[in-house]
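Structural overview
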Amino acid sequence: MPTVDANDLEDAVLIVSESGTSDQAWVSLDTGQVLIRSEMVDEELAPLPDDIDTSPRYIPVPHMRTLDLGLELVFDFADAAMPDDADDVRQMFKRSEAYRHFSELVEERGLTDRWHDFREAQTRAVLAGWCEENGLQLG
């Protein structure tokens with residue numbers, strides 16, 4: 001079973017999830033290599049296979065929303081680590097600059113390290129599940 005580098009896959013999810021981007025990323029089902037098409041990546045240094053758009057051997061890297069790594073992750077953390085603030089956190093995300101306000105609240109509560117650990121663990125678990133569904137292993 002091919003192994004996908006966890007950091008490469010996580011970076012690719014962030015790249016394709018960036019607002020307003022046309023960047024794309026795939027994982028090779030044969031090698032586990034993460035491949036990226038982006039204005040920020042020099043294609044001469046990281047050439048893409050000619051059949052990347054048509055071969056079933058390359059699967060598109062999903063957007064973080066389809067992996068429930070957006071708001072659901074924030075709300076899960078709020079429910080688990082700051083239940084007294086959970087409703088306020090949900091209200092924050094109905095306004096602009098919500099993530100900044102959430103980060104400030106997390107810092108105020110002394111939960112910054114716990115938030116980062118939670119986000120990393122949940123992200124890795126979700127990506128490991130996605131890899132398994134596609135015949136890959138997260139490494």
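Residues numbered from 1 in each chain as written. Predicted model: local features only at pLDDT ≥ 70, side-chain atom pairs only at ≥ 80, totals over all residues. Heavy atoms only, no water.

1. Observations concerning the sheet that holds strand 2 (residues 24-28)
- Across the sheet, which stays open at both edges, the 3 strands sit in the order 3-2-4 with antiparallel pairing between neighbours. Each edge of the open sheet carries a strand with a single partner, namely strand 3 (34-37) and strand 4 (58-60). The mean inter-strand angle of the sheet, taken between neighbouring strand axes irrespective of direction, is 30°.
- Pairing of strand 2 with strand 4, which is carried by 3 bridges, proceeds in the antiparallel orientation. Bridge assignment links serine 28 to a residue of strand 4, and that residue is tyrosine 58. (Pairing = 2+ DSSP bridges. Helix = DSSP H or I, 4+ residues; strand = E, 2+ residues; numbered from the N terminus. Axes fitted to C-alpha atoms, helices over the stretch in contact; angles between N-to-C directions.)

2. Notes on the packing of helix 1 (residues 6-17) against helix 5 (residues 112-133)
- The N-to-C vectors of helix 1 and helix 5 enclose an angle of 95°; their axes lie 11 Å apart at closest approach. When the axes of helix 1 and helix 5 are compared, the pair comes out roughly perpendicular. Counting all contacts with helix 1, which are made through Ala6, Asn7, Leu9, Glu10 and Val13, the residues of helix 5 involved are Thr123, Arg124, Leu127, Trp130 and Cys131.
- Taken together, the residues of the contact of helix 1 with helix 5 break down into 6 nonpolar, 2 polar and 2 charged. (Parallel < 35°, antiparallel > 145°, perpendicular 65-115°, else oblique. Contact = heavy atoms within 4.5 Å. Nonpolar A, V, L, I, M, F, W, Y, C, P; charged D, E, K, R; others polar.)

3. Section: the side chain of serine 17
- With respect to the element layout, serine 17 can be found in helix 1.
- Owing to a relative accessible area of 11%, serine 17 belongs among the buried residues under this scheme. (Buried < 20%, exposed > 50% of the residue type's maximum accessible area, 1.4 Å probe, protein only.)

4. Re unusual backbone geometry
- For aspartate 68, which is not glycine, the phi torsion reads 55° and is therefore positive.
- Given the relative accessible area of 49%, aspartate 68 is considered partly exposed.
- The residue glutamate 97 is not glycine, and still its phi comes out positive at about 60°.

5. Some points on the pattern of salt bridges
- Per the counting criterion, the structure on display carries 8 salt bridges.
- Of the charged contacts, one joins arginine 124 and glutamate 10 as a salt bridge, the two residues approaching to 3.2 Å between their closest N and O atoms. Taken as a pair, arginine 124 in helix 5 and glutamate 10 in helix 1 lie far apart in primary sequence, 114 residues in all.
- Looking at arginine 124, the relative accessible area reads 25%, which means it is partly exposed.
- A salt bridge links arginine 100 to glutamate 104, with the shortest nitrogen-to-oxygen separation between them at 2.8 Å. A residue pair is termed a helical-turn pair when its members lie 3 or 4 positions apart in one helix, as arginine 100 and glutamate 104 do in helix 4 (residues 98-108) at 4 residues.
- When its relative accessible area of 39% is taken as the criterion, arginine 100 is described as partly exposed. (Salt bridge = Lys/Arg side-chain N within 4 Å of Asp/Glu carboxyl O.)

6. Overview of the side chain of aspartate 85
- Here aspartate 85 lies in the loop between helix 2 (71-81) and helix 3 (86-92).
- We classify aspartate 85 as buried; its relative accessible area is 10%.
- Those residues in contact with aspartate 85 that sit more than four places away from it in its chain are Leu105 and Arg109.

7. Comments concerning the nonpolar core
- The biggest cluster of nonpolar side chains holds 38 residues, and the ones touching the most others in it are Leu9, Val27, Phe77, Met82, Val89 and Phe102.
- Secondary structure elements with two or more residues in this core: helix 1, strand 2, strand 3, helix 2, helix 3, helix 4 and helix 5.
- In terms of residue count, helix 2 provides more of this core than any other element does, 6 residues in total.
- By size, the runner-up hydrophobic cluster in this structure holds 5 residues, among which are Trp26, Leu35, Ile52 and Tyr58. (Core = buried A, V, L, I, M, F, W, Y, C linked by side-chain atoms within 4.5 Å.)

So far we have only geometry, and geometry alone does not tell us how the molecule works.
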